[in-house]
Amino acid sequence: MKLTFLGTGTSFGVPQIGCRCAVCRSDDPRDRRTRTGAVVETDGGTRLLIDTPPELRLQLVAAGISDLDAVLYTHDHADHVHGLDDLRAISVHRRGGLPFYGPPDTLARLARRFPYIFDDNMRPLPGTTKPEGRLHPLREGVVEQIGDARVTPVSIPHGEVKVYAYRIGPLAYVTDAKSVPEAALKLLVGARVLVLNALFRTEHPTHLSIPEAIDTAGLVGAERTYLTHLTHDNRHSDLAASLPPGIMPAFDGLVVDV
């Protein structure tokens, strides 16, 4: 299995508009972070996109990815969905539209916000195209077979809302978590590679802090943990040097063999 980090930044991205801090002015390409998204490719060739961040077109072009089998959504906050229209370049080559999986409430809101993508009665004019998708709500804790990937959605608190983390074989992908409850932890333990959001070094009401992420990584016990959803408070090289063995910051374009 292969994991490609398309974007690893917080909702502001890095550099942040109008900011002149050292990280936002850094010439280290690992400090330039687009909004968070990833692609998982199984050994059998099933390719899953996790979220559609606003920079999706640029991310997929940079990664050399031109086809997908399905999209997994964690939740519908803007930094995780507003690149959705960029999937037109992929769905136009498919019959029946691209499958979209995720929390039922997330998919329902996407259908209301982007009706032209999901409503078969809204057809493009002759000579034009539109992105097309098919909605597949997932139930937390219930395994879904997508190609040769066994995908388990895991419910995680994100402030006052719940998001889905995903366990895909040896990979656990957790973003926008404030905590990982015991029921969720049971579904994540045993993963060899863990992806985990980590915002600031201090506490935040809706996201894990870096110390909280380190503690959570210890509970999951993966061989390797990659931190994502990082802010301009964290220079990549400094953060990497400060983390315990087996935990490292991800960066845009990083490819990991799971």
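Quick look at the structure, then.

### A closer look at the environment of V61
Then step 1. By the secondary structure assignment, V61 is in helix α1 (residues 56–63).
Then step 2. Spatially, the C-alpha atoms of V61 and V71 are 17 Å apart, while their sequence positions differ by 10 residues.

### Overview of the side chain of T74
Then step 1. Considering the arrangement of structural elements, one finds T74 in the loop between β4 (70–72) and α2 (78–81).
Then step 2. On the basis of relative accessible area, T74 is assigned to the buried category, the value being 0%.
Then step 3. Polar contacts involving the side chain of T74 include one to the side chain of D51, which spans 2.7 Å.
Then step 4. Aside from chain neighbours lying at most four places away, what touches T74 is I50, D51, H80, P103, V163, Y164, Y166 and T175.

### Quick word on the environment of T10
Then step 1. As for its placement among the helices and strands, T10 is situated in the loop between β1 (2–7) and β2 (37–41).
Then step 2. With 69 residues separating them along the chain, T10 and D79 place their C-alpha atoms 8.0 Å apart.
Then step 3. Every residue in contact with T10, bar those within four places of it in the chain, is listed here: R35, L199, H229, L230 and T231.

### Let's talk about helix α4 (residues 104–113)
Then step 1. When α4 is considered as a whole, its buried residues turn out to be T106, L107 and L110. Taken down its axis, α4 places every buried residue within 95 degrees of arc, on the same side.
Then step 2. Where α4 is buried, its residues touch α2, β5 (98–102), α5 (115–118) and β6 (133–137).

### Looking at α1
Then step 1. Turning to α1, its buried residues are L56, Q59 and L60. Across the axial projection of α1, the buried residues extend over an arc of 95 degrees, all falling on one side. Seen from the buried face of α1, the exposed residues on the opposite side, beyond 90 degrees, are R57, L58, V61 and A62.
Then step 2. Tucked into the core, α1 has its buried residues touching β1, β2, β3 (47–50) and α3 (88–91).
Then step 3. Count one or two residues on from α1 and you reach G64, which has phi positive near 70 degrees.

### Side note on the sheet that holds β3
Hydrogen bonding along the main chain pairs the strands of a sheet, whether they run parallel or antiparallel.
Then step 1. The mixed open sheet is built from 7 strands, whose spatial order is β6-β5-β4-β3-β2-β1-β14. Here the strands that pair on one side only, and so sit at the sheet edges, are β6 and β14 (255–257). For this sheet the average axis-to-axis angle between neighbouring strands, irrespective of direction, equals 25 degrees.
Then step 2. Pairing of β4 with β5 involves 2 bridges; the strand directions are parallel. For V71, the partnering residue across the bridge sits in β5 and is F100.
Then step 3. Against the sheet, α1 engages β1, β2 and β3, with an angle of about 140 degrees to β1.
Then step 4. Against the sheet, α4 touches β5 and β6, its axis set at about 155 degrees to β6.

Definitions and cut-offs
- Residues numbered from 1 in each chain as written.
- Predicted model: local features only at pLDDT ≥ 70, side-chain atom pairs only at ≥ 80, totals over all residues.
- Heavy atoms only, no water.
- Helix = DSSP H or I, 4+ residues; strand = E, 2+ residues; numbered from the N terminus.
- Buried < 20%, exposed > 50% of the residue type's maximum accessible area, 1.4 Å probe, protein only.
- Polar contact = N/O pair within 3.5 Å; in protein donor to acceptor, adjacent residues only side chain to side chain.
- Contact = heavy atoms within 4.5 Å.
- Arc of directions from axis to C-beta.
- Pairing = 2+ DSSP bridges.
- Axes fitted to C-alpha atoms, helices over the stretch in contact; angles between N-to-C directions.

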